[in-house]
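Structural characterization, general
Spelled out, the chains give:
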Amino acid sequence: QVQLVESGGGSVQAGGSLRLSCAASGRTFSSYVMGWFRQAPGKEREFVAAISWSGASTHYVDSVKGRFTISRDNAKNTVYLQMNSLKPEDTAIYYCAADGRSPFRLGLPRAPGEYDYWGQGTQVTVSS
């Protein structure tokens, strides 16, 4: 069982930055692919970024490439999402997720159904 708790959301103006954190419980965190997703009102949950269990590989949705950076600290059981140059269209609830069914998985899944543990979400609001 893995529990995920996000923090770091808030309200910023366009062009600003935020750093989201996701703290995970469980000794097997370091074997999981981790992902960040977001969901805006009236829209489906959208893949944002994923990172391999070792941290060596990352993948981003095109709309955030060059602005967002996903990273992880396995010693602290924490995954991060550094968000720079924020835009109003980045406004959403951000969720972190863990793929707990495939330890040491090759590849970085992008579909929500590939992840089986989810945090409660943290709100990010970007004003113009």
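What counts as what
- Residues numbered from 1 in each chain as written.
- Predicted model: local features only at pLDDT ≥ 70, side-chain atom pairs only at ≥ 80, totals over all residues.
- Heavy atoms only, no water.
- Phe/Tyr/Trp six-rings, centres within 6.5 Å; stacked < 30°, edge-to-face > 60°.
- Helix = DSSP H or I, 4+ residues; strand = E, 2+ residues; numbered from the N terminus.
- Buried < 20%, exposed > 50% of the residue type's maximum accessible area, 1.4 Å probe, protein only.
- Lys NZ or Arg CZ within 6 Å of the ring centre and 35° of its normal.
- Disulfide = S-S within 2.5 Å.
- Salt bridge = Lys/Arg side-chain N within 4 Å of Asp/Glu carboxyl O.
- Core = buried A, V, L, I, M, F, W, Y, C linked by side-chain atoms within 4.5 Å.
- Contact = heavy atoms within 4.5 Å.

This paragraph deals with the packing of aromatic side chains. This model, assessed by the stated rule, comprises 5 aromatic pairs. Relative to Phe47, the ring of Phe37 has its centre 5.7 Å away and its plane inclined at 75°; by these criteria the two rings are edge-to-face. Separated by 10 residues along the polypeptide, Phe37 in strand S4 (residues 33-39) and Phe47 in strand S5 (residues 46-51) bring together distant segments of the chain. The pair formed by Phe37 and Phe47 is uniform in burial state, with each residue classed as buried. Between Phe37 and Trp118, the ring centres sit 5.0 Å apart and the planes meet at 55°, which makes this aromatic pair tilted. Of this pair, Phe37 sits in strand S4 while Trp118 sits in strand S10 (residues 117-118), and the two are 81 residues apart along the sequence. Looking at Arg19, its charged tip hangs above the ring of Tyr80, at a distance of 4.0 Å from the centre. Its end group placed over the ring of Tyr95, Arg45 keeps NZ or CZ at 3.8 Å from the ring centre.

Another point: the state of the cysteines. Under the counting rule described, the total for this entry stands at 1 disulfide. The disulfide that involves Cys22 links it to Cys96, with 1.9 Å between the sulfurs. On the sign convention where negative means left-handed, the S-S torsion of about 45° between Cys22 and Cys96 marks this disulfide as right-handed. Of the two residues, Cys22 is situated in strand S3 (residues 18-24) and Cys96 in strand S9 (residues 92-99); the sequence distance between them amounts to 74 residues. Of the two residues, Cys22 and Cys96, both sit in the buried class.

Now for the pattern of salt bridges. Evaluated as defined, the whole model comprises 7 salt bridges. Arg105 is the salt-bridge partner of Asp99, the closest N and O atoms lying 2.9 Å from each other. The partner of Asp116 in a salt bridge is Arg101, with the nearest N and O atoms 3.8 Å apart. Of this pair, Asp116 sits in the loop between S9 and S10 while Arg101 is found in the loop between S9 and S10, placing the two residues 15 residues apart along the sequence. Given the relative accessible area of 28%, Asp116 is considered partly exposed.

Moving on, we come to the nonpolar core. With 37 residues, the main nonpolar core has Leu4, Met34, Trp36, Leu81, Met83 and Tyr94 as its most contacted residues. Mapped by element, the contributors of at least two residues to this core are S3, S4, S5, strand S7 (68-73), strand S8 (78-83), S9 and strand S11 (122-127). When near neighbours in sequence (up to four residues on either side) are disregarded, Met83 contacts Gly16, Ser17, Leu18, Leu20, Arg67, Phe68, Tyr94 and Val124.

Bear in mind that shape data such as this cannot, by itself, settle questions of function.
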